[in-house]
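What the coordinates show
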There are 4 protein chains.
Amino acid sequence: MTNRSVIKTGSRRPDARPGEILSAALDLFAERGFAATRMEDVARRAGLSKAGVYLYFPDKTALLKALVNEMAGANVAVARGLVEQHQGAVGPLISTLLVFLARQLRDTRFPELIKVVISESRAYPDVGRIYLEGVISQGLPLFEGLICRGVASGEFREVDAGLAVKAMIAPMLLSAIWKTVMEPLGAEPLDIEALAAQHAETFLRGLAP
Amino acid sequence: MTNRSVIKTGSRRPDARPGEILSAALDLFAERGFAATRMEDVARRAGLSKAGVYLYFPDKTALLKALVNEMAGANVAVARGLVEQHQGAVGPLISTLLVFLARQLRDTRFPELIKVVISESRAYPDVGRIYLEGVISQGLPLFEGLICRGVASGEFREVDAGLAVKAMIAPMLLSAIWKTVMEPLGAEPLDIEALAAQHAETFLRGLAP
Amino acid sequence: MTNRSVIKTGSRRPDARPGEILSAALDLFAERGFAATRMEDVARRAGLSKAGVYLYFPDKTALLKALVNEMAGANVAVARGLVEQHQGAVGPLISTLLVFLARQLRDTRFPELIKVVISESRAYPDVGRIYLEGVISQGLPLFEGLICRGVASGEFREVDAGLAVKAMIAPMLLSAIWKTVMEPLGAEPLDIEALAAQHAETFLRGLAP
Amino acid sequence: MTNRSVIKTGSRRPDARPGEILSAALDLFAERGFAATRMEDVARRAGLSKAGVYLYFPDKTALLKALVNEMAGANVAVARGLVEQHQGAVGPLISTLLVFLARQLRDTRFPELIKVVISESRAYPDVGRIYLEGVISQGLPLFEGLICRGVASGEFREVDAGLAVKAMIAPMLLSAIWKTVMEPLGAEPLDIEALAAQHAETFLRGLAP
DNA sequence: CATGAATGAGGTTTCATTCAT
DNA sequence: AATGAATGAAACCTCATTCAT
């Protein structure tokens, strides 16, 4: 649906090539999974010959790594920005963050990427590691800090921040899985933003002292 | 149930063969993923020749389907039992259910199976469908009924039960992913039961009117 | 010319398969060189499918290694036998050995194998090492011992045994190269046995005190 | 009329380009072998783009042919010079020639070239033919003439000159192979000049009537 | 029931070579 | 003269799957 691949032009601007290839790759990884995507398909969808892809990426996994790097970095950066600029009670910020994430999940191919990472991480640990280091190790402490802040200020009751963060994030993960795994099987679509909103409400109420 | 590979001899009881094969398969699927598991490996671990596996299962995916069927069914059945036997306030039951699930995730290879289903569902929709129909379509309404009961009785505030169920379950999914994807990459282990307990507390508080 | 490959039967005796494959491989390596020989060609000439070869040899290089091992071992063993059984003056033994080698070069595919080893040793050092350890490191000391014996007994004048051995063997190497490299280009055939005989005569005369 | 204006960048002397390329090529052929040397490597080492090489040489084999031509010609020319200027007994001349060759083998990349010719001759018969015609067909008769002279003058006993020449040259071939094949595998270095000297001595003694 | 032997169908990757600029 | 970009053709190797015994 959210297909942004470029099929048409022979790409006058060589600088655009890597991006075109990555876009094609993500399309296909999301559609068929990493293993089932042949380099030739990526190439053709990027308007290139099979060998051409190898001019820009040494490996099939390099495509995946680049995708994870790229998308992961962007999201964490935004979240970090929101957190650092924020002042006052953390509850509203948590709501904002969850809704922001929900929109990302709804509007980008972040869910597909998460799914691919989950799927391929064992076979290609590098991919998992990039995600772990680029997203998990960046994002969780960020949110953990928020919980701690809330606890310290008396806004939240005493909870284990590490666990709380996971409970806070979990519905976003579930949304990604639902969208990429269950919906293609015929499950009814999930309103991710609504889930995020209701979850934020419940979660914050649940943390109230 | 949690049988971890039988190595010994030619297995006196022919009836045990399918189970041995499935056990071997789950071991390997969990360890290396579905795609990276060769039928020959399954066979060898089950103490059988490669061709022997085909006497019991027509297909590689048949192994996966059988595994999903088996384990999914079991868990849902227990949950259904708990729910149906229960009377009175639903809050404690939800706690009980979450902790039960947490223990299942901790003590069985349910997480691995979930991971495999997520990974292979696109390539083998049958597998996904079995899970969807055997677990999701069974479990979610079950829990949804609980939420509705709570709302109806005034125990919970007014919420969208469908969304609430997902928020309720999400940390369990996250736990499965964490255990099977992040921990092998070096992430610190997650205390699933503690997560479930704290989440239950927060979730129920959050639903209080 | 001395083509011994087996094309016909489907090979009732499975034990014969490795040998058949090796024979086919040597035919082709000798004919086209190692790099230009495709596994599929080997397979077809051995009356097997491409994948079938991999049941017996893990690698293309494994074919080469096996060939070197096999043939090298045989020749050294014979030479060693001759040397160990011999008594008396070493001159006649050296003549015998050279003529024996000449006949091997003339009648077997030893020359082709030497040529392949020379050609592929850099790309596949294992192959070279097998030859070095199986032939060179076995054969040279054997012959060196002979020279030393002759020097000690006064049959030969004082010479550097290590160098003498190389001079003694060199025409055999040249013969192998001539046969496999020059003759296919149209060079006139070399009478290896005659070369060996004349060389033995000259060499022994040259070593006389 | 003067020629077109000369483009400045790159090598100052356009005439030097082919030589630079050949030098780079020989370096790499010697180091990794012909097949394993990529045109891109040659280009880079010559300070050129991949396509640039094709401005000077139509083919990968053209590089090899040019190298063989160049080096072969040079050596034969020197040898021919020595032979033609010589008068008197041929024994000393043969010593001189062998030592000259030994030094060439020790100090130039002649050995590598011989090795490459041996290796690639089957796949690229042109290369072999150049060597056959430029070196073998020139050099052998030259030396054969010497032997014949010696026999005619009574300096040598009656021998088959064709065979004698091969025996005379063989240690030089062995040296080349030893240096390029065995030494990289860890075999102990060979003192080529010493081998040539001792061989000359033995060979000439062996030819004495 | 069980297996050893065999295969067909692919997919990734590598390069020599070409061409528009 | 020179090159960056692109490609087509190959070849190795892997496995799920089948079948005669």
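A brief report on the enclosed structure follows. (Residues numbered from 1 in each chain as written. Chains lettered and ligands numbered in written order. Predicted model: local features only at pLDDT ≥ 70, side-chain atom pairs only at ≥ 80, totals over all residues. Heavy atoms only, no water.)

1. A few points about the environment of Gly139 of chain D
Our working definition: Only DSSP runs of H or I covering at least 4 residues are called helices, and only runs of E covering at least 2 are called strands; the numbering of each starts at the N terminus.
Mapped onto the secondary structure, Gly139 of chain D falls in helix H7 (residues 125-152). As a C-alpha pair, Gly139 of chain D and Val83 of chain D span 56 residues in sequence and 11 Å in three-dimensional space.

2. Describing the interface of chain B and chain A
To keep things clear, this is the line we draw: The contact definition used throughout considers only heavy atoms, calling two residues in contact when any of these lie within 4.5 Å. Put simply, buried area is how much 1.4 Å-probe accessible surface two parts lose in total, over both of them, once they are put together. Definition used for salt bridges: Asp or Glu carboxyl oxygen within 4 Å of a side-chain nitrogen of Lys or Arg. Here a polar contact is taken to be a pair of N or O atoms separated by no more than 3.5 Å, where protein atoms must pair a possible hydrogen donor with a possible acceptor and residues adjacent in sequence count only if both atoms sit in side chains. Under the convention adopted here, Pro, Cys and the residues Ala, Val, Leu, Ile, Met, Phe, Trp and Tyr are nonpolar, Asp, Glu, Lys and Arg are charged, and Gly plus all remaining residues are polar.
In this assembly, 48 residues from chain B lie in contact with 48 residues from chain A. For the pair chain B and chain A, the summed buried area comes to about 4,100 Å², and 69% of that belongs to carbon and sulfur atoms. Our count for the contact surface shared by chain B and chain A stands at zero salt bridges. Seen at the junction of chain B and chain A, the total is nine residue pairs in polar contact (both at pLDDT 80 or more). Among the elements of the structure, helix H1 (17-32), helix H6 (110-120), helix H7 (125-153), helix H8 (161-182) and helix H9 (192-207) of chain B are those that each provide at least two residues to the side of chain B that touches chain A. In terms of residue count, H8 of chain B provides more of the side of chain B that touches chain A than any other element does, 14 residues in total. When grouped by side-chain class, the residues that make up the side of chain B that touches chain A number 29 nonpolar, eight polar and 11 charged.

3. Things to note about the environment of Val159 of chain A
All names here are of chain A. Quick note on the threshold: Classification of residues uses two cut-offs on accessible area relative to the type maximum, computed with a 1.4 Å probe and protein chains only: under 20% is buried, over 50% is exposed, and between them is partly exposed.
As for its position among the elements, Val159 is in the loop between helix H7 (125-153) and helix H8 (161-182). Its relative accessible area of 16% is what places Val159 among the buried residues. In this structure the C-alpha to C-alpha distance between Val159 and Glu84, which are 75 residues apart in sequence, comes to 22 Å.

4. Overview of the arrangement of the chains
In this assembly chain A lies apart from chain C, the nearest approach of their C-alpha atoms being 22 Å. If you take every C-alpha in chain B and every C-alpha in chain D, the smallest gap between them is 32 Å, and the two do not touch.

5. Describing the relation of the copies chain C and chain D
Here is the rule we go by: Copies overlap after least-squares fitting; the atoms used are the C-alpha atoms of residues with pLDDT of at least 70 in both.
For the pair chain C and chain D, the best superposition has an RMSD of 0.2 Å and corresponds to a rotation of 179 degrees with a translation of 0.0 Å parallel to the axis. One copy is carried onto the other by what is essentially a two-fold rotation axis. Closest approach to the rotation axis within chain C is made by the C-alpha atom of Gly206 of chain C, at a distance of 1.8 Å. Take the interface residues of chain C: 100% of them recur as interface residues in chain D, which is what a same-surface contact looks like.

6. As for the protein's contact with DNA strand E
Keep this limit in mind: Each residue is tested against the molecule or strand, and it is near if at least one of its non-hydrogen atoms lies within 4 Å.
What surrounds DNA strand E is a group of 33 residues, the closest being Tyr56 of chain B together with Arg17, Ser49, Ala51 and Tyr56 of chain C. Counting only atoms of DNA strand E within 4 Å of the protein, the sugar-phosphate share comes to 62%. Here Lys60 of chain D contributes a side-chain N or O atom positioned 3.0 Å from a phosphate oxygen of DNA strand E. Among the elements of the structure, helix H3 (50-56) of chain A, helix H3 (50-56) of chain B, helix H3 (50-56) of chain C together with helix H3 (50-56) of chain D are those that each provide at least two residues to the surface near DNA strand E.

7. Thoughts on the protein's contact with DNA strand F
Taken together, 33 residues form the shell around DNA strand F, and within it Arg17, Ser49, Ala51 and Tyr56 of chain A together with Tyr56 of chain D come nearest. One of the side-chain N or O atoms of Lys50 of chain C is found 2.9 Å from a base nitrogen in DNA strand F. With respect to DNA strand F, the side chain of Tyr56 of chain D contributes an N or O atom lying 2.5 Å from a phosphate oxygen. Among the secondary structure elements, those contributing two or more residues to the surface near DNA strand F are H3 of chain A, H3 of chain B, H3 of chain C together with H3 of chain D. For the surface near DNA strand F, a count of residues per class yields 15 nonpolar, six polar and 12 charged.

8. Brief notes about the interface of chain C and chain D
Chain C puts 47 residues into the contact, and the matching count from chain D is 49 residues. Along the contact surface separating chain C from chain D lie zero salt bridges. Listing elements by their share of the side of chain C that touches chain D, those giving two or more residues are helix H1 (17-32), helix H6 (110-120), helix H7 (125-153), helix H8 (161-182) and helix H9 (192-207) of chain C. The leading source of residues in the side of chain C that touches chain D is H8 of chain C, at 13 residues. The residue makeup of the side of chain C that touches chain D, split by class, is 28 nonpolar, eight polar and 11 charged.

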